[in-house]
Amino acid sequence: MFSLTTEAMQSSDPAARAGHVFLSALSSTQESLELRIKEAERDLADAAMSENVKGHIMATIGKANLLITQKFVQFKELCLKNIEQSSGDLFQTHGSDLAGFWEVVMIQVDEVQASFGELATLKANNWQEPETTDSVRMPAPRCSQKGRSRSVPASPMSSERAELAAKARTEARKKFMEARRQMLQESPAASSEEDVIFYAPPEKSD
């Protein structure tokens, strides 16, 4: 969870507008993704991995690059518009608009970070994929009583992916709050109003 003051959300002062905070968060998030992309590109040179694993790596790199070159660029343009616009502009970009767009972007960032986390797990296992048990014949499950459902436990990979996504989201929030704190120190007037709180989107269960 992070907060922006009401004044920053609606400020007429370009130096105190929310666009500055979101640009800082965007920059740190992009830097994190670019580091993981470079690491994955280096891993592709490892001849020990299978073609299937290489395909997984290239797909993850592609998703990350697509996010950076499309969604990040769109969001940066909105932030700059929020900072540079004048009160006479017909179509205003408010801090609440940026907050809504950022929530959507972070959902996609979490998914990509989780994919990189899966690659890290494969790398730790010498690029060996988990063995499947499709060839092992399992006994047929007993019929359950009518109206009673049986819960299916999450797979280890699904649980790990959810944990990695939550960790990435928490890290992004910390960076965002730190950037906001620094901006408030430089522009004390921006902290005089009541805070507006935004909640990160709930974690999706796999």
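Preceding block: the structure.
Everything numeric in this text was worked out from a predicted model, so none of it was measured. (Residues numbered from 1 in each chain as written. Predicted model: local features only at pLDDT ≥ 70, side-chain atom pairs only at ≥ 80, totals over all residues. Heavy atoms only, no water.)

Draft legend 1. Quick peek at the nonpolar core. Core analysis: the biggest nonpolar cluster contains 28 residues, and F22, L33, I57, F72, F75, W102 and F116 have the highest contact counts within it. Only α2 (18-43), α3 (51-84) and α4 (95-124) provide two or more residues apiece to this core. Of all the elements, α4 adds the most residues to this core, at 10 residues. (Core = buried A, V, L, I, M, F, W, Y, C linked by side-chain atoms within 4.5 Å. Buried < 20%, exposed > 50% of the residue type's maximum accessible area, 1.4 Å probe, protein only. Helix = DSSP H or I, 4+ residues; strand = E, 2+ residues; numbered from the N terminus.)

Draft legend 2. Molecular detail of the side chain of T93. Position of T93 relative to the elements: it lies in the loop between α3 and α4. Its relative accessible area of 6% is what places T93 among the buried residues. In contact with T93, not counting residues within four places along its chain, are L78, K81, N82, Q85 and L98. (Contact = heavy atoms within 4.5 Å.)

Draft legend 3. Quick look at α3. An ideal rise of 1.5 Å per residue puts 50 Å on 34 residues; α3 measures up with 48 Å between its terminal C-alpha atoms. If you look at α3, its biggest bend is around 30 degrees, right at F72. Looking at α3, one finds that the buried residues are V53, I57, T60, I61, A64, L67, I68, F72, F75, C79, N82 and I83. Contacts from the buried residues of α3 go to α2 and α4. (Expected span 1.5 Å × (residues − 1). Bend = angle between axes of the 7 residues up to and from the residue.)

Draft legend 4. The packing of α2 against α3, seen in detail. Interhelical geometry of α2 versus α3 gives an angle of 165 degrees and a closest axis separation of 10 Å. Comparing the axis directions of α2 and α3 gives the class roughly antiparallel. Where α2 crosses over α3, the handedness of that crossing is left-handed. Grouping the constituent residues of the contact of α2 with α3 by class yields 17 nonpolar, six polar and three charged. (Axes fitted to C-alpha atoms, helices over the stretch in contact; angles between N-to-C directions. Parallel < 35°, antiparallel > 145°, perpendicular 65-115°, else oblique. Left-handed = near helix turned anticlockwise from the far one by under 90°. Nonpolar A, V, L, I, M, F, W, Y, C, P; charged D, E, K, R; others polar.)

Draft legend 5. Expanded view of the packing of α2 against α4. At a closest axis distance of 11 Å, the pairing of α2 and α4 adopts a crossing angle of 20 degrees. Of the possible angle classes, the one that applies to α2 and α4 is roughly parallel. Pair α2 / α4 crosses with left-handed handedness. Its residues placed into classes, the contact of α2 with α4 shows 13 nonpolar, six polar and four charged.

Draft legend 6. Local environment of α2. The end-to-end C-alpha distance of α2 is 38 Å, a good match for the 38 Å that 26 residues give at a rise of 1.5 Å each. For α2, the complete set of buried residues consists of A18, G19, V21, F22, A25, L26, S28, T29, L33, I37, A40 and D43.

Draft legend 7. Up close: the side chain of Q113. Structurally, Q113 can be placed in helix α4. Separated by 3.3 Å, the side chains of Q113 and S32 make a polar contact. One polar contact links Q113 to R36, side chain to side chain, over a distance of 2.9 Å. (Polar contact = N/O pair within 3.5 Å; in protein donor to acceptor, adjacent residues only side chain to side chain.)

Draft legend 8. Focus on the environment of R36. Looking at the element boundaries, R36 is found in helix α2. According to the relative accessible area criterion, R36 is partly exposed, its value standing at 26%. With 25 residues separating them along the chain, R36 and I61 place their C-alpha atoms 8.6 Å apart. Residues within four places of R36 in sequence aside, it is in contact with Q113, F116 and G117.

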